[in-house]
Amino acid sequence: MDNAAALTIRPAGETDLSPFFAYLDDHLRDNGADGTPLFQPIAPGQPRLPAGLRIAFIKGIDIPVGQPGWRRLWLAIDAYGDIAGHIDLRGRPEPAATHRAMLGMGVHRVWRRRGLGRRLLETAAQWARAETDVDWIDLEVLSENLPAVDLYARAGFTTVARVADMLRIAGISHDLSYMTFRLREG
Ligand SMILES: CC(C)(COP(=O)(O)OP(=O)(O)OC[C@H]1O[C@@H](n2cnc3c(N)ncnc32)[C@H](O)[C@@H]1OP(=O)(O)O)[C@@H](O)C(=O)NCCC(=O)NCCS
């Protein structure tokens, strides 16, 4: 199987979270490794995702959309039942911004550049249009993460700001880009 079109993308439930966290810990090994860009705002070589992020998934998956802390996750599954990629949407922290969601995603290293990122973005956007009142999807991306910035731009996201020296990770300065996508007219 070499085409991402053959992968199944489905919403994740509670029982998916344990294998998902193992997949994320493995995914994190690519963060800034061998000259690849940082994609998580944490130092390269950190072995595990921050505990707070795990808890946010565990709690958020059961919270109704629109209520504080909500989060939804989709997984791309290969022919062996392994996770090939993921995308998640979550509510923003500002109580007056329930019409907007934040996005996170990743594709397993062996599945990159085969159109899976594009499919995952379409899945999340379709769900948000059909099942929620969310009008905008926002995201933050390290500006040097050109694969992600390019993927989002080609999917219709607009860069609304690039903040120089927003993050200092292991003593190195990084710019952070803010991108947004309008799902429908508000
Ligand atoms: C960014 C990422 C999700 C892209 O996933 P993907 O499945 O490889 O993306 P696709 O195959 O759907 O690519 C779609 C488009 O994105 C752009 N793109 C993807 N990877 C790219 C790369 N390495 N270099 C340049 N452009 C790239 C291209 O425009 C591509 O279209 P094309 O292949 O027709 O040229 C993947 O590289 C990844 O998981 N990176 C690490 C985690 C990460 O950065 N997550 C996002 C954090 S904000």
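A brief report on the enclosed structure follows. Within each chain, residues carry numbers counting from 1 in the order of the written sequence. Owing to the predicted nature of the model, reporting of local features is limited to residues with pLDDT of at least 70; listing and counting of side-chain atom pairs is limited to 80 or more, with chain, interface and lining totals taken over all residues. The side-chain quantities take in all heavy atoms of the structure and omit both hydrogens and water.

### Here we look at the site of the ligand
The environment of the ligand is made up of 20 residues, and the closest members are Val-107, Arg-113, Gly-115, Asn-145 and Asp-150. Accessible areas in this description were obtained via Shrake-Rupley with a 1.4 Å probe; residue shielding takes into account the shown protein chains only. Within the complex, 82% of the 910 Å² of free accessible area of the ligand lies under protein. When residues of the shell around the ligand are traced back to their parent elements, those giving at least two are strand S4 (100-107), helix H3 (116-131) and helix H4 (146-154). Broken down by element, the residue count for the shell around the ligand peaks at 6 residues, all from H4. Within the shell around the ligand, the residues separate by chemical class into 9 nonpolar, 5 polar and 6 charged. Whether a residue is near a molecule or strand depends on its heavy atoms: if one lies within 4 Å, it is near. Elements are defined by DSSP. Helices are runs of H or I of four residues or more, strands are runs of E of two residues or more, and each kind is numbered from the N terminus. When residues are sorted by character, Ala, Val, Leu, Ile, Met, Phe, Trp, Tyr, Cys and Pro go into the nonpolar class, Asp, Glu, Lys and Arg into the charged class, and all the rest, Gly among them, into the polar class.

### Considerations on the sheet that holds strand S5 (residues 136-142)
Strand pairing is assigned whenever DSSP detects at least two bridges linking the two strands. Pairing is mixed in the open sheet, where 7 strands are placed in the order S1-S2-S3-S4-S5-S7-S6. Two strands in the sheet have a free side with no partner beyond their single neighbour: strand S1 (8-11) and strand S6 (158-169). Pairs of neighbouring strands in the sheet enclose a mean axial angle of 25 degrees, with direction left out of account. As paired strands, strand S3 (residues 83-91) and S4 are joined by 7 bridges and run antiparallel to one another. Counterpart to Arg-90 in the pairing with S4 is Met-102. Of the strands in this sheet, strand S2 (71-77), S3 and S4 touch helix H1 (residues 17-28), which is tilted by about 105 degrees from S3. Any two residues whose heavy atoms approach within 4.5 Å at even a single point are treated as in contact. Axis definition: a line fitted to C-alpha atoms, limited for helices to the stretch in contact. Angles are taken between N-to-C directions and run from 0 to 180 degrees. In this fold H3 packs onto S1, S2, S3, S4, S5 and strand S7 (172-182), with an angle of close to 35 degrees to the strand it touches most, S3.

### Topic: H4
For H4, every residue scored as buried is listed here: Ala-148, Val-149 and Tyr-152. Relative to the axis of H4, the buried residues are bounded by an arc of 100 degrees and lie together on one face. Opposite the buried face of H4, at more than 90 degrees from it, the exposed residues are Leu-146, Pro-147 and Arg-154. Phi for Gly-156, located one or two positions after H4, is positive at around 110 degrees. Working definition: with a 1.4 Å probe on protein chains only, accessible area under 20% of the residue-type maximum means buried, over 50% means exposed, and in between means partly exposed. In this context, the arc is that of the directions from the helix axis out to the C-beta atoms.

### As for the pattern of salt bridges
A pairing counts as a salt bridge when a side-chain nitrogen of Lys or Arg comes within 4 Å of a carboxyl oxygen of Asp or Glu. Applying the stated criterion across every chain yields a total of 14 salt bridges. Between Arg-54 and Asp-25 there is a salt bridge; the shortest N-O distance is 2.8 Å. Taken together, the residues span a long stretch of sequence, with Arg-54 in helix H2 (residues 51-60) and Asp-25 in helix H1 at a distance of 29 residues. On the accessibility criterion, Asp-25 (13% relative accessible area) is buried. Between Arg-29 and Asp-26 there is a salt bridge, with its nearest N and O atoms 2.6 Å apart. You can call Arg-29 exposed: its relative accessible area is 58%. The network of salt bridges with common partners includes Asp-26, Arg-29, Asp-30, Arg-109 and Arg-112.

### Section: the packing of H1 against H2
For the pair H1 and H2, the least separation of the axes is 11 Å and the interaxial angle reads 150 degrees. By the angle between their axes, H1 is roughly antiparallel relative to H2. In this structure, H1 crosses over H2, and the sense of that crossing is right-handed. Contacts from Leu-17, Phe-20, Phe-21 and Asp-25 of H1 reach H2 at Arg-54, Phe-57 and Ile-58. Partitioned by chemical class, the residues of the contact of H1 with H2 number 5 nonpolar, no polar and 2 charged. Note on terminology: angles under 35 degrees are roughly parallel, angles over 145 are roughly antiparallel, angles of 65 to 115 are roughly perpendicular, and the others are oblique. Throughout, a crossing is termed right-handed when the near helix is turned clockwise from the far one, and left-handed when it is turned anticlockwise from it by less than a right angle.

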